[in-house]
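# Structure at a glance
Listed below are the residues making up each chain.
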Amino acid sequence: MCETIAAISTAYGEGGIGIVRISGPEALGILRRVFVCKGSITSRRMAFGRIIDPETGDVIDEVLAVYMKGPTTYTGEDVAEINCHGSVVALRKTLALVLRQGACMAQPGEFTKRAFLNGRMDLSQAEAVIDVIKAKADAGYEAALSQMEGDLSRRVREIRAEVLDILVDITVNIDYPDEDIEKLTYEKLLADLEDAGDEIDSLLATAGAGRMVKEGIRVAIVGRPNVGKSSLMNCLLRQSRAIVTEIPGTTRDTIEEAVSIRNIPVYLIDTAGIRETEDLVEMIGIERTKEAFNSADLVVFIADASQPLTDEDRDILERLKDRRHLVLLNKTDLGNAVTPTILGDRSPNGDVIETCLVKGEGIDKIEDKIEELVYGGQLAQKDSVMVSNVRHEELLRKAGQSISDAAVITETGEALDIIEIDIREAYDYLGEIIGETVSDEVLDEVFSRFCLGK
Ligand SMILES: Nc1nc2c(ncn2[C@@H]2O[C@H](COP(=O)(O)OP(=O)(O)OP(=O)(O)O)[C@@H](O)[C@H]2O)c(=O)[nH]1
Ligand SMILES: [Mg+2]
């Protein structure tokens, strides 16, 4: 293994500055050889100087550089950072020089991996670093930041401590059954297991919302031609993106746009109106509408208040049954051939939002509903710890399963040392989330998702 690593830590391309980061025991030695400044290099003091190739004497760049002595650094090791001009050439040349002086090229995520291995952060915190970098909207960013600061870890540690208490109770009762200690009754054991199971479940319940705020949701807008789908798209985007005309069949292909709604990344898909048609282009468009319908996290169905419901409307309503959806009644200014009651009776959850999209009326309510759907109706979740990483979700699920297996055999009066096996499993799964019990393969997998230089 190479002890001192280096990489360009800023994004590739032109910029005001770009940073070459070095970490490891040779960080200071290498910096001293390539960086020439007035006075001496002092830990944690930025210095102005030049990067000069010691072999040729060529000046590579004018820079600010800083050396930070470990272990209270990002990686826990000695770190040096060279702030070059944000030129691809300056950065590449500086990095090449640093590598010639004995550093090795860092692997993607290697700085953060070292931070984890040196105990600067636990695994779930390290994983959050990448989510912070990649966050697309405020809600996902906040969730990632809270995870990076250890909120999820604390929650997991609390639950794990409870599970450990149960394990201790069992061990004491197995090892010293005759001693004068509080006897562990099966009722108490069962109650403790249920408590731990509930805690795991309540954390798991946040996973859906966690994933949605992190990755965003796909929202397909569907309905018959001319009901106002493109008008809704434009209203939500607050710009005139899709063509809106009074001619049915205006939108013939699906149109996708990203927007942030209540700080949640949303991918809106405007679709071609569904109807029987002989037109080839329109037929293909309608095929795509069906794909969008099937792949969306949320389907928004629009009906026209000014015209009676048709078979197509009824057909789509029928298909909404097992989908997360919203039902809108648009063009409420034009009449009431369809009323909210008529539509509500036919929609799976009876919920109808009335809109008049030419005037932008009803948009607030739609946005409220989207937010509510993402947070599962519990807006309070917004401020609490959320699980947003599939690895964590999977491990929590396994831990929950082990606890419930343990509870089942506790009820049948199984021997304590058998029950203990499941509980210990749960304990280990929880430990994997924070990286206390984790294999090298998992670590490699986790850090390979990082970008170079992080
Ligand atoms: N009066 C009234 N007209 C509306 C309302 N919403 C949309 N429209 C009009 O209805 C027509 C069709 O709107 P679009 O948004 O293009 O409808 P669409 O569902 O995308 O139609 P296709 O792309 O053809 O499937 C346009 O002339 C809009 O201005 C509304 O609430 N009231
Ligand atoms: Mg349209």
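Look up a bit, the structure's there.
Residues numbered from 1 in each chain as written. Chains lettered and ligands numbered in written order. Predicted model: local features only at pLDDT ≥ 70, side-chain atom pairs only at ≥ 80, totals over all residues.

On to the sheet that holds strand β1 (residues 5-8). Spatially, seven strands are ordered β3-β4-β5-β6-β2-β1-β7 in an open sheet, and the strand pairing comes out mixed. The sheet is open, and its two edges are formed by β3 (35-37) and β7 (104-105), each paired on a single side. Bridge analysis of β1 against β7 gives two bridges, and the strand direction is parallel. Looking at β7, one finds that Ile-5 is bridged to Cys-104. (Pairing = 2+ DSSP bridges. Helix = DSSP H or I, 4+ residues; strand = E, 2+ residues; numbered from the N terminus.)

Attention now goes to the site of ligand 1. In the vicinity of ligand 1 lie 23 residues, with Gly-228, Ser-230, Ser-231, Thr-251 and Gly-273 positioned nearest. Ranked by residue count, the leading element in the shell around ligand 1 is helix α9 (residues 229-237), at three residues. The class makeup of the residues in the shell around ligand 1 is eight nonpolar, 11 polar and four charged. (Near = placed C-beta within 6 Å. Nonpolar A, V, L, I, M, F, W, Y, C, P; charged D, E, K, R; others polar.)

Before going further, it helps to examine the sheet that holds strand β10 (residues 264-270). Spatial ordering of the open sheet is given by β9-β10-β8-β11-β12-β13, a layout of six strands whose pairing is mixed. Two strands in the sheet have a free side with no partner beyond their single neighbour: β9 (255-261) and β13 (353-354). Bridge count between β9 and β10: seven bridges; the pairing is antiparallel. When the sheet's bridge partners are listed, Glu-256 is paired in β10 with Ile-269.

Nothing here speaks to function; it is all geometry.
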